[in-house]
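Architecture at a glance
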Amino acid sequence: MAQIAGDHYTYMSERSGPAPRAMAALPAGPPRLVGRGDETARLLRVLEPGPARSPAASAVVVSAVSGLAGIGKTALALHTAHEAAVVRGWFPGGVLFVDLRGYDPQGKVTAEQALGALLRALGIRGEDMPPTQEERAALYRSELARLADEGKPVLLVADNASTPDQVAPLLPARHEHRALVTSRDTLATLPARQLRLGQLPSADARDLITTTLTRSDPDDARLDRHSDALDEVVGSCGGLPLALKIAAARLTGDPGLPLATFAAELADSRTRLGSLHYDDDSVRTAFALSFRRLAPLPARLFRLLPLAPGSDISTEAASALLGRPARGELADLARAALLSEEPIGSGRWRMHDLIRLFASGLAHEDSARQRARARKRLLRYYATTARSATRYLWGQAEGGTSGPFTSREEAIAWLEAERPNLVAATRMAAGGQIDLAVDLTYGVSIFLHRWGYVDDNLAILSAVVPAAEAAGRTVWAAGLRNELALSLADAGRVAEGVEHLREAVRVWRRIVRRRAAAAPSLALVLANLAFWDESPERRRAAAEEAVAITRPLVQGNGLPPPDVELAGALDNLSRALADLGLHTEALAPAREGVEIRRRQVASAPGGYEALLADAVVNLAARLLATGETAGAIDHAHEGVALYRQLAAESPKGSGPDLANALGTLGLCRARAGQWEAAREAHAEATAVLTQLERPRPAPSLNLLTAALAEAPGDHESAQAPAVHESGDSAERP
């Protein structure tokens, strides 16, 4: 019977029948839940009944499981509910289960409808069912309060909720009860403990498929014969349980389907989503249900995100793509489990591979012109910001700031974080927007070189140089050919690099005949050729020509303009002279090169230290060759100290140079008869190289190894570490 007072309804049930049991009300869970042991344990800790310990604990404890469509939320909830209610018997009042169908295109279950279903499960007859949502909610709370008073706590499982207002009226009011909610969206306003599901690790994903296949046919020979193909299938599914379930169903339903054939079908990104469809299960359909609920602006950003060439995107880059601040839209996509911020608070967003394929398939919803503009905004953002960051590498940030950066450390951190995206963006721009491709290359190439990302640097230069030539941009192509040559040398392909330098010299000579102002660019390439050419005589000639071009351009303060590379030409002239046996003649250009580098460091701190280190180590070697051992030791010490600082900032980029400088210092110590100090330098250099994944040769270390082998006294002969033969290393002049 109902007692009515004003607009308040209190229901007093006279029923004393049994409450619904878990076995009767709860759908079957998965036969075996793979890879969710930690998540199950976490939910069980929250679901376990216990007395209220504080006023805050007097409310019902709610757990909300969220995540991408097909990630296995319902399976986890049902498995955990069975474990809690059936196996452990924590809920003698039973389990109330309701599928809210929050993403059903035919319409979601309203709170009023859900309350009616739950009341019927609690035994309320049709004629006793209240007509309004408020009345049903009051009766529902009264029934649950009765069960709590009888010591019969209930577990509510509300599956597939899409909004908090679907769930809030269903939550029990007594702390004895528990509620478990699943949703693709993060129901942030729901008073719940959130658990966000991620994709399955590869081993668990593989186990899910093999378990399904062996359950159907324990003798399925495909698992033993085609293990590699099975790994490819698992990889294409991206750890998404729905995709894995469909893949297993297709293999089970077609026992004659070779794993290799199915793997090849899934490997094609154009057909993968279509292949992940079986009966009523479809990955594409599952994603579409989430996407169609988005507001227009987040939906537009979602469609544009596949234009980003990297595996993740920053908030700032996404804002450039959208053409307006995008943090809110990114958060909307994350709440809908179509995107994730990894790690939380980092401002870096990642999209599941299958979601990216789905989003790519929506490109037709925007015009080609809109997408082209969005892509150009993104590339311009990367190019402009990379240029600002690179200014710090040359010590050129004015007033302590450059673009969005306020410090060198901040700029380098951005370059490190964005490196894969910058490389991918540069290669993408080379396919049709050569101006942005060149701008990006100059913005990122020096970082890639100095920080030792040889393969990345070679990848962008190998794409952009031919693209610039094909576009008729002769000057750009000639300038970047110089960078490509040095990148090839970094990769150990010295002969190829030298050929590119020679071609760049030929091109710049033609350009200089038409435009004399381009002479410093010719001198730069000649200076590099003076380091890498195999002939000391040709190296000497190239260096002397480079010096002759650049010396008249030195300014009144003794500094060349930034684009004039006199110091590098002098350094390499001294090396060529030394290789010709002209050690005394090699001293003067080496000394002059060091003095120029010192002035450059003083004028732009943080920009020229690597070049100064190279110059002083070269001078140390020249001094040692002329018998000036004390001066050689001093300069070698200075070079080692500089390289230690640089290697601390960039181990991959400056580690090999540090090892070479230590080798030079060790040779100086050995010449002075300081054998123990020489061995210490050798040991440190060896340790530096062995810590590198891809060490370059350190020629002076090889000489030191030989010197120590002939050292007087009883000691073990030093051994040089094995390195890839790739020629000397040199900083770009």
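Each chain carries its own residue numbering, running from 1 in the written order of its sequence. The predicted origin of the model limits local features to residues at a pLDDT of at least 70 and limits the giving and counting of side-chain atom pairs to 80 or more, whereas totals for whole chains, interfaces and linings rest on all residues. No hydrogens and no water enter the side-chain calculation; it runs on all heavy atoms of the structure.

Before going further, it helps to spend a moment on the overall build of the protein. A helix here means a DSSP run of H or I that spans at least four residues, while a strand means a run of E at least two residues long, and both kinds are numbered starting from the N terminus. Looking only at helices and strands, one finds 32 helices and twelve strands in the protein. Taken over C-alpha atoms, the radius of gyration is set against a globule rule of 2.2 Å times the number of residues to the power 0.38. The C-alpha atoms of the protein give 35 Å as radius of gyration, which overshoots the globular expectation for 733 residues (27 Å, by more than 25%). In terms of its C-alpha atoms, the protein occupies a principal-axis envelope of roughly 110 × 65 × 60 Å. The rule is simple: take the accessible area with a 1.4 Å probe, protein chains only, and divide by the maximum for that residue type; under 20% is buried, over 50% is exposed, in between is partly exposed. Taking all 733 residues of the protein together, 53% fall into the buried category. By the convention used here, residues are in contact when the closest approach between their heavy atoms is within 4.5 Å. Sequence separation of 24 or more characterises 69% of the internal contacts of the protein that already satisfy a separation of 6 or more. When the accessible surface of the protein is summed, it comes to about 31,400 Å², and 51% of that surface belongs to carbon and sulfur atoms. Here the protein contributes 82 positively and 88 negatively charged side chains, and the mean placements of these two sets differ by 5 Å. For accessible areas, the Shrake-Rupley method is used with a probe of radius 1.4 Å. Any residue's cover is judged against the shown protein chains and nothing else. All tallies of charge rest on Lys and Arg as positive and Asp and Glu as negative; His and the ends of each chain are not included. To locate a charge, take NZ of a lysine, CZ of an arginine, CG of an aspartate or CD of a glutamate.

Once that is clear, we can look at the pattern of salt bridges. Definition used for salt bridges: Asp or Glu carboxyl oxygen within 4 Å of a side-chain nitrogen of Lys or Arg. A complete count under the given rule lists 47 salt bridges for this structure. Here glutamate 418 makes a salt bridge to arginine 348, at a shortest N to O gap of 3.2 Å. Taken together, the positions of glutamate 418 in helix H19 (residues 408-429) and arginine 348 in strand E12 (residues 348-350) put the pair 70 residues apart, joining distant regions of the chain. The residues glutamate 418 and arginine 348 share a single accessibility class, namely buried. As a salt-bridge pair, glutamate 684 and arginine 644 come within 2.8 Å of each other at their nearest N and O atoms. Residue glutamate 684 is found in helix H31 (residues 675-690), and its partner arginine 644 is found in helix H29 (residues 629-649); the two are separated by 40 residues along the sequence. Residue arginine 644 is classed as partly exposed on the basis of its relative accessible area of 40%.

For the rest of this paragraph, the subject is the packing of aromatic side chains. By convention, a stacked pair of Phe, Tyr or Trp rings (six-membered ring in the case of Trp) has centres within 6.5 Å and planes under 30 degrees apart, an edge-to-face pair has planes over 60 apart, and any other such pair is tilted. The tally for this structure, following the rule as stated, stands at ten aromatic pairs. Centre to centre, the rings of phenylalanine 291 and phenylalanine 302 are 5.4 Å apart; their planes meet at 35°, and the pair counts as tilted. With phenylalanine 291 in helix H13 (residues 283-291) and phenylalanine 302 in helix H14 (residues 296-304), the pair connects residues that are eleven residues apart, well separated along the chain. The two residues phenylalanine 291 and phenylalanine 302 agree in class, both being buried. Site record: aromatic cluster; members linked through ring pairs are Phe287, Phe291, Phe302 and Phe358. For the cation-ring pair, arginine 184 lies above tyrosine 103, with the distance from its terminal atom to the ring centre recorded as 4.7 Å. Criterion for a charge above a ring: Arg CZ or Lys NZ at most 6 Å from the ring centre, at most 35 degrees from the ring normal. In this arrangement the basic side chain of arginine 419 is found over the ring face of tyrosine 453, its NZ or CZ atom lying 3.9 Å from the centre.

The subject of this paragraph is helix H7 (residues 202-216). Counting along an α-helix, one turn takes 3.6 residues, and residues three or four places apart therefore face a common direction. The span expected for a helix works out to 1.5 Å for each residue beyond the first. Look at H7: 22 Å from first C-alpha to last across 15 residues, which is about the 21 Å you get at 1.5 Å a residue. Listed in full, the buried residues belonging to H7 are Ala205, Leu208, Ile209, Thr210, Thr211 and Leu213. Elements in contact with the buried residues of H7: helix H8 (222-225), helix H9 (227-237) and helix H10 (241-253).

Before going further, it helps to spend a moment on the sheet that holds strand E11 (residues 340-341). Any two strands are treated as partners once DSSP identifies two or more bridges connecting them. One open sheet accounts for three strands, arranged E10-E12-E11; its pairing is antiparallel. The open sheet has two edge strands, strand E10 (312-314) and E11, and neither has a second partner. Pairing of E11 with E12 involves two bridges; the strand directions are antiparallel. Each residue of the ladder has a partner; that of serine 340, found in E12, is arginine 350. Taken strand by strand, helix H15 (residues 315-322) contacts E10 and E12, and its axis lies near 85° from that of E10. Axes here mean lines fitted to C-alpha atoms, for a helix over just the part in contact, with angles spanning 0 to 180 degrees between N-to-C directions.

Our next topic: the pairing of strand E5 (residues 155-159). Taking burial as the measure, the five residues of E5 include five buried ones, the bulk of the element. Burial along E5 is two-sided: the residues Leu155, Val157 and Asp159 and Leu156 and Ala158 are all buried. Bridging between E5 and strand E6 (residues 178-183) involves four bridges; their strand directions are parallel. Pairing of valine 157 across the sheet is with leucine 180, part of E6.

Let us now look at the sheet that holds E5. Taking strand neighbours across the sheet as the criterion, the five strands line up as E4-E5-E6-E3-E7 in an open arrangement whose pairing is parallel. Each having just a single partner strand, strand E4 (95-99) and strand E7 (193-196) make up the two edges of the open sheet. Going from strand to strand, the sheet's axes swing by 15° on average, the running direction of each strand aside. Strand contacts of helix H3 (residues 73-87): strand E3 (61-66), E4, E5, E6 and E7, with the helix running at about 165° to E6, the strand carrying the most contacts.

Where the model shows low pLDDT, its predicted coordinates should not be examined in detail. Confidence of the prediction at every residue is given by pLDDT, a number between 0 and 100. Counting all residues, the mean pLDDT for the protein is 89, and 92% of those residues have values of 70 or more. Contacts of residues 1-23 to residues separated by more than four positions or lying in other chains number 39 contacts, the stretch itself having pLDDT below 50. Low pLDDT (under 50) marks residues 714-733, which in the prediction has 64 contacts with non-local residues, meaning those over four places away or in another chain.

A few words now on the packing of H19 against helix H20 (residues 434-450). Packing of H19 against H20 brings their axes to within 9 Å, and their N-to-C directions diverge by 145°. Read as a crossing pair, H19 and H20 show a hand that is left-handed. Contacts from Leu415, Glu416, Arg419, Leu422, Val423, Ala425, Thr426 and Ala429 in H19 reach Ile434, Leu436, Ala437, Leu440, Thr441, Val444, Phe447 and Leu448 in H20. Looking at side-chain class alone, the contact of H19 with H20 contains twelve nonpolar, two polar and two charged residues. Note on convention: the crossing is left-handed when the near helix lies turned anticlockwise from the far helix by less than a right angle, right-handed when the turn is clockwise. Classification used: nonpolar for Ala, Val, Leu, Ile, Met, Phe, Trp, Tyr, Cys and Pro, charged for Asp, Glu, Lys and Arg, polar for all others including Gly.

Quick look at unusual backbone geometry now. Residue proline 343 is bonded to the preceding glutamate 342 through a cis peptide linkage, with omega at -10°. Tracing the backbone shows proline 343 in the loop between E11 and E12. At aspartate 279, a residue that is not glycine, the phi angle is positive and equals roughly 55°. Structurally, aspartate 279 is set in the loop between strand E8 (277-278) and strand E9 (281-282). In this structure aspartate 279 comes out as exposed when scored by relative accessible area, which is 60%. One non-glycine residue with positive phi stands out, namely alanine 337, at about 60°.

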